[in-house]
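Residues per chain are reported as follows:
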Amino acid sequence: MNKNILIIFIVIIIVLPSSLCINAENLETSKMQTLSESGIKERIFERINEIRERNGLSPLEWNETLEKAAQMHAEDMAKRNYFSHESPEGETFKDRLAKVGYKPKSISDGKSETIVIGGENLFLYGGEGSVEEIVNEAVNGWMNSKGHRDNILRKEFTLTGIGVAFAHNCTYEGQSFEFCIYIVQMFG
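Procedures and definitions
- Residues numbered from 1 in each chain as written.
- Predicted model: local features only at pLDDT ≥ 70, side-chain atom pairs only at ≥ 80, totals over all residues.
- Heavy atoms only, no water.
- Phe/Tyr/Trp six-rings, centres within 6.5 Å; stacked < 30°, edge-to-face > 60°.
- Helix = DSSP H or I, 4+ residues; strand = E, 2+ residues; numbered from the N terminus.
- Buried < 20%, exposed > 50% of the residue type's maximum accessible area, 1.4 Å probe, protein only.
- Polar contact = N/O pair within 3.5 Å; in protein donor to acceptor, adjacent residues only side chain to side chain.
- Contact = heavy atoms within 4.5 Å.
- Arc of directions from axis to C-beta.
- pLDDT = per-residue confidence, 0-100.
- Salt bridge = Lys/Arg side-chain N within 4 Å of Asp/Glu carboxyl O.

Going by what an unreviewed UniProt entry lists, the protein chain is known as SCP domain-containing protein and is assigned to Palaeococcus pacificus DY20341.

Observations concerning the packing of aromatic side chains
Considering all chains together, one arrives at six aromatic pairs under this definition. Measuring from ring centre to ring centre gives 6.4 Å for F83 and Y182, while their planes differ by 45°; the resulting arrangement is tilted. With a gap of 99 residues between them, F83 in the loop between α3 (64–80) and α4 (93–99) and Y182 in strand β6 (residues 175–187) connect regions that are remote in the sequence. Taken together, a centroid distance of 5.6 Å and an interplanar angle of 35° make the contact between F166 and F179 tilted. Within this pair, whereas F166 is found in strand β5 (residues 159–172), its partner F179 is found in strand β6, the two being separated by 13 residues in sequence.

A look at the side chain of K41
Of note, K41 is situated in helix α2 (residues 37–54). K41 gets classed as buried once you look at its relative accessible area, which sits at 11%. Among the polar contacts listed, one links the side chain of K41 to the side chain of E67, at a separation of 3.1 Å. For K41, the contacting residues outside a window of four places in its chain are W62, E67, Q71, I162, G163 and V164.

Topic: helix α6 (residues 146–153)
Taken residue by residue, α6 has G147, H148, N151 and I152 as its buried positions. An end-on view of α6 places all buried positions within 140° of arc, on one side of the element.

Some points on the confidence of the model for the protein chain
Summary statistics for the protein chain give a mean pLDDT of 83 and a share of 82% for residues scoring 70 or more. Highest mean pLDDT in the protein chain belongs to strand β2 (residues 61–62) (98); lowest belongs to strand β1 (residues 5–13) (43). Segment residues 1–33 is flagged for pLDDT under 50; beyond a separation of four residues in sequence, or across chains, it makes 96 contacts in the model.

Thoughts on the pattern of salt bridges
The full count for this structure, using the stated rule, is eight salt bridges. Notably, a salt bridge pairs E89 with R80, separated by 2.7 Å at the nearest N-O pair. Salt-bridge contacts for R96 lead to E120; the nearest nitrogen and oxygen are separated by 2.9 Å. With a gap of 24 residues between them, R96 in helix α4 and E120 in strand β4 (residues 113–126) connect regions that are remote in the sequence. For the residue pair R96 and E120, the accessibility class agrees, reading buried in each case. What you see here is one network of salt bridges that share partners, running through R43, E46 and E132.

Points about unusual backbone geometry
In this model, N81 sits at a positive phi of 60°, which is unusual for a non-glycine residue. Structurally, N81 is set in the loop between α3 and α4. The phi dihedral of E173 falls on the positive side, at around 45°, and the residue is not glycine.

Structure, rendered in structure tokens:
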């Protein structure tokens, strides 16, 4: 068997200016408490799989190891007020996968072998909104960005995990927000 190895590693970042609008005067603690990390994760998972199925792809399966890596990164960004695929210390997507024990998978068709490392999509939502509004902004933003869309529609990806974290008083590219939602979707 001839083994040709293709390593798939895609990392994309997006921030949509329209999603970063905040009305600080109307930001109420009660509204923030109604937001649910698990509700956002579940709706993104459902929406991504609806999109994949409409495009003739199998739905992604939930993977707790990928979720752990995604949640770890979302919480780190929220806690330390940064938004990047690389931590301030230089930790990357691959480092996070290794830290949680994720093993890349191998796909073989009998003629060649593909090693699928994974992909990572990030989204930052500044302001208040319902779960549905937040999910729509994130998913629509990803689908309108070639790299994010490629991650969502990549047939080699069969697994996903999503992390969500909330933060108060965050900044991004010189803009300040009283409330931010960091969303990380990992693919494998």
